[in-house]
Amino acid sequence: NAGVMQNPRHLVRRRGQEARLRCSPMKGHSHVYWYRQLPEEGLKFMVYLQKENIIDESGMPKERFSAEFPKEGPSILRIQQVVRGDSAAYFCASSPSVGSFRDTEAFFGQGTRLTVV
Amino acid sequence: AQTVTQSQPEMSVQEAETVTLSCTYDTSESDYYLFWYKQPPSRQMILVIRQEAYKQQNATENRFSVNFQKAAKSFSLKISDSQLGDAAMYFCASDNAGNMLTFGGGTRLMVKP
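Predicted model, so just to flag it, every value in this text is computed and none were measured.

Student: Help me out: how do you make sense of the overall build of chain A in this one?
Tutor: Helices and strands together make up the secondary structure of chain A, namely zero helices and eleven strands. In chain A, the succession of helices and strands from N to C terminus is β-β-β-β-β-β-β-β-β-β-β. Computed over C-alpha atoms, the radius of gyration of chain A comes to 13 Å, within 12% of the 13 Å expected from 2.2 N^0.38 for 117 residues, which places it in the range of a compact globule. Taking the principal axes of its C-alpha atoms as reference, chain A extends roughly 40 × 25 × 25 Å.

Student: So what exactly am I meant to see when it comes to the interface of chain B and chain A here?
Tutor: Residue-level contacts link 23 residues of chain B with 27 residues of chain A. A combined buried area of about 2,000 Å² lies between chain B and chain A, and 50% of that area is made up of carbon and sulfur atoms. Ranking the residues of chain B by area buried against chain A places R43, N99 and F103 of chain B at the top, with a combined share of 34%. If you look at where chain B meets chain A, you find three salt bridges. Measuring nitrogen to oxygen at the nearest pair gives 3.8 Å for the salt bridge that ties E40 of chain A to R108 of chain B. For the pair chain B and chain A, the number of links is ten residue pairs in polar contact (both at pLDDT 80 or more). Of all the elements in the fold, those that place two or more residues in the side of chain B that touches chain A are β5 (33-39), β6 (46-52), β10 (88-96) and β11 (100-103) of chain B. Looking at the side of chain B that touches chain A, the element that brings in the most residues is β5 of chain B, giving four residues.

Student: Quick question: what am I supposed to make of the sheet that holds strand β1 (residues 5-7) of chain A here?
Tutor: Strand pairing in a sheet relies on backbone hydrogen bonds, with the paired strands running either antiparallel or parallel. Residues and elements named next belong to chain A. One open sheet accounts for four strands, arranged β1-β3-β8-β7; its pairing is antiparallel. Looking at which strands have only one partner, the edges of the open sheet turn out to be β1 and β7 (65-68). Averaged over all neighbouring strand pairs, the angle between strand axes comes to 15°, with direction disregarded.

Student: Where do I start with the pattern of salt bridges in this structure?
Tutor: Opposite charge on two side chains allows them to pair when their charged atoms are near. Tallying each qualifying case throughout the model produces ten salt bridges over all chains. Among the salt bridges present, the one from D86 of chain B reaches R63 of chain B, with a minimum N-O distance of 2.8 Å. Taken together, the residues D86 of chain B in the loop between β9 (74-79) and β10 and R63 of chain B in the loop between β7 (60-61) and β8 (64-69) connect sequence positions 23 residues apart. Through salt bridges with shared partners, one network takes in E18, R20 and R78 of chain A.

Student: What am I meant to see in the pairing of β7 of chain A here?
Tutor: Each regular strand shows side chains that alternate between the opposite faces of the sheet. Residue and element names in this part refer to chain A. Residues F65 and A67 point to one face of β7 and are all buried, whereas S66 and E68, pointing to the other face, are not buried. As judged from the four bridges shared by β7 and strand β8 (residues 75-79), these two strands associate in the antiparallel manner. Following the sheet pairing, S66 is matched in β8 by R78. Hairpin geometry of β7 and β8 is characterised by an intervening segment of six residues between the two adjacent antiparallel strands and by a positive phi of about 95° at G73.

Rules used in this analysis
- Residues numbered from 1 in each chain as written.
- Chains lettered and ligands numbered in written order.
- Predicted model: local features only at pLDDT ≥ 70, side-chain atom pairs only at ≥ 80, totals over all residues.
- Heavy atoms only, no water.
- Helix = DSSP H or I, 4+ residues; strand = E, 2+ residues; numbered from the N terminus.
- Rg over C-alpha atoms; globule rule 2.2 N^0.38 Å.
- Contact = heavy atoms within 4.5 Å.
- Buried area = accessible area lost by both parts, 1.4 Å probe.
- Salt bridge = Lys/Arg side-chain N within 4 Å of Asp/Glu carboxyl O.
- Polar contact = N/O pair within 3.5 Å; in protein donor to acceptor, adjacent residues only side chain to side chain.
- Pairing = 2+ DSSP bridges.
- Axes fitted to C-alpha atoms, helices over the stretch in contact; angles between N-to-C directions.
- Buried < 20%, exposed > 50% of the residue type's maximum accessible area, 1.4 Å probe, protein only.

Structure representation (structure tokens):
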């Protein structure tokens, strides 16, 4: 059973371009969480999704950011018109059910490092 | 709202010695869990240990143990017999209904041979 797979590991975008970050959850996991880690900081929650539904997007910037988790395929975090301040590591975690961080059944991917030049 | 504070940006320990990383938190939740995660240079977030707030007994996982002081809202991590592989960033976190983690700013642990 492969772990949570994120790709690409590294992504470079010019200012104004779009960035698409992919997260394939572990097999059997239908819950996905996205976190952002700015340099020298801790992870900050962005959004929590279940298949085809956004459950909590309270940490998502109101503009330029969107996330989806379709019935088939990976979860996608999309950043439109990137700016230098979007440079960060973006982590995805997946779990089989609600509350799984408590049950130690939620696992993180290795992150995508986005650099905006 | 929840906040988690780690006041030590960096800590250093001699191999085989013991080190304690500090964490304080604030939450309005009555039901919550606390976690310590390790982030090595590979960036992988690895769960080290967790504590259920309603349990008075401190959690222990091999060389890792916590000192949970609920009234003081303190949750420190003790690493015994430190090994070179323990060198990493360590993040303290609290949860909200198990779905959303709030992380502290991290402590970089260096282990000297």
